[in-house]
Amino acid sequence: MIHHVMGNDGTYPLLIALWLLPLLGAILCWGFGPWLKARAGWLASALVGASFVLAVLSWGAGTQSVGGTLGAHQSLLSWIPGFDFGLLLDPLALLWVFVITGVGALIHLYSIGYMDGDAAFARFFAYMNFFVFAMLTLVLSDNFVGLLIGWGLVGLASYFLIGFWFFKPSAVAAARKAFVLNVVGDVGIMFAIFLIVANVHSIGFGDAFAAAGSYATPTLFLICLGLFVGAAAKSAQVPLHTWLPDAMEGPTPVSALIHAATMVTAGVYLIARCAPLWSVNADAQMLVGTIGGLTALLGAILGCAQWDIKRILAYSTMSQIGYMIMGVGVGAYEGGVAHFFTHAFFKAQLFLGSGLIIHALANEQDIRRMGGLAKKLPYAFVVMLVGVLAICGTPGFSAFFSKDMIIYGTLQHGHPWLYAVGILTAGLTAYYMLRLLFVTFLGSYRGAVDPSDLGIRHPELAGLPSDGDPAPQDATAHHHAPAWIMNLPVGILIVPSIFAGWLMFGGANSPWAHFFAGQFPVPNVVVPPISEGATSAIVFACVLVGAAVAAARYASKGALADAVARLRSESVRMPALLSNRFYFDAAIDALCVRSAQLAGTFFGRVADPHVIDGTVREAAISARWMGTLMRSLQTGLLRAYALILVFGAACFIVYYALAGGR
Amino acid sequence: MNPYGPVALYLCVAFAAALLFSVLPGLVARRKPNPEKAEAYECGVEPTSAVAGRFPVRFYLIAMLFVIFDVEAASFYPWAVQMHALRIYGLLEMIVFIIVLGIGYAYVWKKGGFAWR
Amino acid sequence: MILNPFGTADWMAIAPIVALAIASLLVLLADLVARPAISRYGAVAIGLLGTAAAAVLAAMQYGHVYAAFFGGFVTGGFTTVFEEIVAIALAGSLALYATLGDPKRIGGTVALMLWGSCGAMLMAGAANLMTIFLGLELLSLALYCLCGMVDRRGARESALKYLILSSTASGFLLFGMALLFGASGSVLLADLARPQLAANPLFWMGSGLFLIGLAFKMSLVPFHAWAPDVYEGAPLPVTAYMSVATKAATLAVFARVLYAALPAGTASHVMLPVWIVAGISMIAGNVGMLAQHDLKRLLAYSGIAQVGYILTAMAGGSALGLRYAIYYLVAYTFMNLGAFAVATAISGEHEEGARLVSYAGLARRRPWLAAAMTFFMLALAGMPPTAGFLGKILILATSADSGYAWLGGLLVAGTAISLYAYAKVVRAMYLPQSGDHHVADLRPIAPLAWISVTLCLIGVIAMTFYPLTPSNVLPLLR
């Protein structure tokens, strides 16, 4: 059997080093944490930075194209036939590696300031480095099993980091929720891998994709479905999205790195990686595109109804990933991936910016208790302003290009409904992001106002987190941390937030299209009735409407003067549907948790003691009986043993006498 | 017929005969025991001790060592007969053999294998 | 006739065996001249050096072809692998013996182990009936003495039982060889593959008796009865040695007979009784484990079943099956030695590590050791993620492919039964100690035993990742 290997084979030791450096960091920070103390942060940042440098050096290897074969391949281990493990660096993987290590290094640096004084400083960096390693495993693997291992490890890292402040019960609960929902996804991927191995007897991407045309259609749909369940769980797609807002219980840099820039986009990576499978199954494309669009819309609607700054960003993340999933789902792979790229920068920047605010306001996260911060925190204001402009798709900013690629792509691939959803969501995005910006930075500071006057109910009833990031134990310590260490990474991120989109400018001649030449299957596109330029105009018009509504509601003179009363009335009169987040949690609770509890009760009271225990007991009794029989033959008497031996020999002799006499 | 058939027949006959002669006396013999007849026969003298006597284990040890060295010495004869044919190779083989034997002998001696005590 | 032995005997072929023999003589000499205090570790050190030399010499032969004793001993591929297994077993047992051994007897014991390994290696490469017998007797004679090498009633009983039963089996084996020689007129195994032998009743009866002898050495049910008693009585390191080396050597002989010494088309009929007893062994061995309270007895029954697994792999007579059998044997070597090494590590003068009660609460006293033991038990039970699991999966696949699915079914059933027995050991270590039964901490740390545990652990883990791609097919037989 000929094995198809993706990437040009050769020895790329750089690739192995790039992959393992963060693991080394994790081991060092974990093993020598007490000795490293504050140096752990620098060590961890340096190793991730080194990985980034190696990624830059691997640019040539990753983008090489020899006879139509893209990228570099490094074999690691050949196990039983069909189970070959290796690393694959092609443009798709390279893009993810850049973001993981590049943005990752910046966020590591930021964390040195943010986590300063935390009792478990070194442990935090050990986890962060471990996460980077896991994520690199996921994107560099050349086979499904390696991908699944990475997939599981990032889930584990996410679990550790969400529950990093394990003394907060809400954090522990959130970590557990994220883990459980992600396991659902892992099972989906495992199921898909079983199907693939059963069909092609190999776990390699190359083999699985080379056979893309030969699967039975229902089988291929099931494979895609299994993979998508994994993608949906990891990328917070409806209805497996409920863990993401809760995951904001983790430290803010964690939210920026894992729950905005990298891990949650793993689903996008998976679908883009498996593009050869999706592009030959229209049903799977339809499913993924629809779920993506639905998630984009729902995330945006829910984003309008949140008061917690990190939760607004969380729903916005969910909505933006919905865009990406919609893009890669309908077949606009370059667009979906482009939005991942730009989103990583501006969303990381937004999270880090919100971290600056939260840090400065002693862990306040409710935007109703902010206001007027533009004067108090001008740097944070600039950061957030650029981020908001970027995410809204302001012309010239990065998301303008990437989001339009997706929206126009849906029309090109014949999904007018998704096109409409994309445009509507763009307007909503502008509304809730500007709402965040206006309420936070304009008007006057409301930190001293009584919470009940602002309509803040008991946090548990409102479903808001019970408390924010805990203050460092040594309250004076964080004053020693230099301000630049948090400001610098955010400042650097501003540059790609604005300009990354320009790479995608120019359609088929853009640097983006050149970078990905040959990466994705070329689908049959229709020439839509609405041109790309017109689409951009429509989207921008919709964004302007959203912005205007937001401005009227939160930035007008009257609104600013009467801010406290207006926020109070909005909080109190929030529709139950929105404040309960469309009852997804309640539905999951009723459907899964309750039924599982019922099943558990049934098994615990009826099935276990009577059916299973009974059977096991019977089996144990009969096994013990057989054991006793064996023991009764084992008398310890030599003559008994000799008798058994001779008996066996006699049976043999009879057989051979008969067999030989034929 | 199987060429080994007669052998099998012979075996059967032998078994049957042996069985017959060991069972038959018990069935047909007249039994008139008296004390003299029931005595164990030992050259017409009354037995003085139990039949299964106990020997010191050293007898066996010495006997075993004797057999080992005796048999090994016996393997010199074939070599001696074929010495000219085997030439230098045979000589070397024998020297190795003697060295191994010698070490074993020394070991047994030093460990007190020959001491009657 | 001018004999030119130098022309036909390739000295390189028997170099590993010669190395062991020389080491053995050196141990005896050292024992005569050195003081007891030195001789304890000295003997083991010489033994280990000899073993290392033998292992290196054997490894150097790999891929070449050497023959000695007029074609009675061939090596270079298949044989090399089995020689390495014997060397591993020998090194492991020597290390354990250094920890536990009786200083007065260490010289003799080590020398006997080395001589026994000579025999085992001779069997591994034996290509004629006489070499097989010579190797088998050399190994067995050494083992009879080794079993009794400790002042314990049980040990003497063990040695005597083994001597008598094994001699009986050797009798069968020898008689079978005589008949085979009578049928073929040659002692070479290769000559047994002549097609006209298939119709010769002598050949069939000879094979039958020969296989009885082998089945005894492999301790297949119903020729197994000696194993639990002998294992229980023998000193721990000897049991460890016996459980691996005897099996490996006998399996080598068996594989050579199965693959190279049968007339074409007769294999499935000639070997049918062996497959049947292998199937019975997988069930009976695992059932036998359930009622045991002694680790050595438990592992004896486990070994009975494990040989059944290995034979299942060979049942189809396919090259792939033999490869998987060897894979499983190597993995078994490591996990079995590992379990014995753990037992040694917690043993004192009276071999407390052999009794299951000594494992109560081990997880608290020696967490790492308990973890290692758990791993070995999982591997023996064939649970993922260990090499034992992988081996069993491969064996199952090959048995289904070659038409012996019923053996595969018995393997699964046997494995299911065995779980309870292996879990018993693990449970004893991790459950809190019951009541006032307290096991004293026996010895601080026995370095060689701990090193053995570590090396076996590495071995089992490495076997999990051993690349099983087709390029690794061993050059098996000539």
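Residues numbered from 1 in each chain as written. Chains lettered and ligands numbered in written order. Predicted model: local features only at pLDDT ≥ 70, side-chain atom pairs only at ≥ 80, totals over all residues.

Caption draft 1: Structural detail: the overall build of chain A. Each helix and strand counted, chain A has 31 helices and five strands in total. Counting all 662 residues of chain A, 53% fall into the buried class. Within chain A, contacts between residues separated by at least 24 positions form 82% of all contacts whose residues are at least 6 apart in sequence. (Helix = DSSP H or I, 4+ residues; strand = E, 2+ residues; numbered from the N terminus. Buried ≥ 20, exposed ≤ 12 C-beta atoms within 10 Å, placed from the backbone. Contact = placed C-beta atoms within 7 Å.)

Caption draft 2: Structural detail: the overall build of chain C. Helix and strand counts for chain C stand at 19 helices and two strands. With 478 residues in all, chain C has 63% of them scored as buried.

Caption draft 3: Just the sheet that holds strand β5 (residues 84–89) of chain A, in detail. Residue and element names in this part refer to chain A. Spatially, three strands are ordered β1-β4-β5 in an open sheet, and the strand pairing comes out mixed. Every other strand in the sheet has two partners, leaving β1 (8–9) and β5 as the edge strands with one partner each. By the bridge criterion, six bridges tie strand β4 (residues 72–78) to β5 in an arrangement that is antiparallel. Residue pairing across strands places S78 opposite D84, the latter belonging to β5. (Pairing = 2+ DSSP bridges.)

Caption draft 4: Summary view of the interface of chain A and chain C. Each partner contributes residues to the interface: chain A has 30 residues there, and chain C has 34 residues. Looking at the side of chain A that touches chain C, the elements with two or more residues in it are β4, α30 (584–633) and α31 (638–660) of chain A. Per-element accounting of the side of chain A that touches chain C gives the leading share, 15 residues, to α31 of chain A. Of the residues that constitute the side of chain A that touches chain C, the class distribution is 20 nonpolar, eight polar and two charged. (Nonpolar A, V, L, I, M, F, W, Y, C, P; charged D, E, K, R; others polar.)

Caption draft 5: Just the pairing of β4 of chain A, in detail. Residues and elements named next belong to chain A. For β1 and β4, the ladder comprises two bridges, and the chain directions are parallel. Residue pairing for β4: D9 is matched across the bridge by H73. Between the end of β4 and the start of β5, which pair antiparallel, lie five residues, with G82 showing a positive phi angle near 95 degrees.

Caption draft 6: Molecular detail of the packing of helix α14 (residues 319–345) of chain C against helix α16 (residues 367–381) of chain C. Residue and element names in this part refer to chain C. One way to put it is that α14 packs onto α16 with a least axis distance of 9 Å and a crossing angle of 150 degrees. The pairing of α14 with α16 is recorded here as roughly antiparallel in orientation. The interaxial crossing formed by α14 with α16 has left-handed handedness. On α16, the residues that touch M335, G338, A339, V342 and A345 of α14 are L369, A372, M373, F376, A379 and L380. The residue makeup of the contact of α14 with α16, split by class, is 10 nonpolar, one polar and no charged. (Axes fitted to C-alpha atoms, helices over the stretch in contact; angles between N-to-C directions. Parallel < 35°, antiparallel > 145°, perpendicular 65-115°, else oblique. Left-handed = near helix turned anticlockwise from the far one by under 90°.)

Caption draft 7: Region of interest: the nonpolar core. In this structure, V86, M123, A248, A249, Y328 and V342 of chain C are the most contacted members of the largest nonpolar core, which totals 212 residues. No other element matches α14 of chain C, which puts 19 residues into this core. Setting aside residues up to four positions removed in sequence, V342 of chain C forms contacts with L369, A372, M373, F376 and V453 of chain C. Listed in part, the 206 residues of the second largest apolar core include L88, F144, A275 and M433 of chain A. (Core = buried A, V, L, I, M, F, W, Y, C linked by C-beta atoms within 7 Å.)

Caption draft 8: Main features of the packing of helix α3 (residues 39–57) of chain A against helix α6 (residues 121–140) of chain A. Residue and element names in this part refer to chain A. Interhelical geometry of α3 versus α6 gives an angle of 10 degrees and a closest axis separation of 9 Å. Relative to α6, the element α3 lies roughly parallel. Seen from α3, the contacting residues are A40, G41, A44, L47 and V48; seen from α6, they are F121, A122, F125, M128, N129 and V132. For the contact of α3 with α6, the residue count by class is nine nonpolar, two polar and no charged.

Caption draft 9: Main features of the confidence of the model for chain A. All names here are of chain A. Here chain A averages 83 in pLDDT, while 92% of its residues score no lower than 70. Element-level mean pLDDT values for chain A span from 42 in helix α22 (residues 459–462) up to 92 in helix α13 (residues 266–273). Here residues 458–467 is a poorly scored stretch, pLDDT under 50, and it has 13 contacts once near neighbours within four places are set aside; other chains count. In this model residues 471–480 is a low-confidence stretch, pLDDT under 50, and it forms 14 contacts with partners more than four residues away in sequence or in other chains. (pLDDT = per-residue confidence, 0-100.)

Caption draft 10: Main features of the environment of G163 of chain A. Residue and element names in this part refer to chain A. Looking at the secondary structure, you find G163 in the loop between α7 (144–162) and α8 (169–200). Exposure remark for G163: the 22 C-beta atoms within 10 Å place this residue in the buried category. Once the C-alpha coordinates of G163 and E249 are considered, the two residues, 86 residues apart in sequence, prove to be 7.5 Å apart.

Caption draft 11: Looking closely at unusual backbone geometry. A cis amide bond links V238 of chain A with the next residue in sequence, P239 of chain A, at an omega value of 0 degrees. Between V221 of chain C and the following residue, P222 of chain C, the backbone shows a cis peptide bond with an omega angle of 5 degrees. You can see P222 of chain C is positioned in the loop between α8 (201–217) and α9 (226–233). The phi angle at H201 of chain A is positive, at roughly 55 degrees, despite the residue not being glycine.

Caption draft 12: Structural detail: the confidence of the model for chain C. Of the residues in chain C, 92% reach a pLDDT of 70 or more, and the chain-wide mean stands at 87. Here residues 469–478 of chain C is a poorly scored stretch, pLDDT under 50, and it has 24 contacts once near neighbours within four places are set aside; other chains count.

Caption draft 13: Expanded view of the environment of D90 of chain A. All names here are of chain A. Of note, D90 is situated in the loop between β5 and α5 (91–114). Each C-alpha atom of the pair D90 and F516 lies 9.1 Å from the other, and the pair is 426 residues apart in sequence. Among residues more than four places away in sequence, those in contact with D90 are M6, G7, G62, L70, G71 and Q519.

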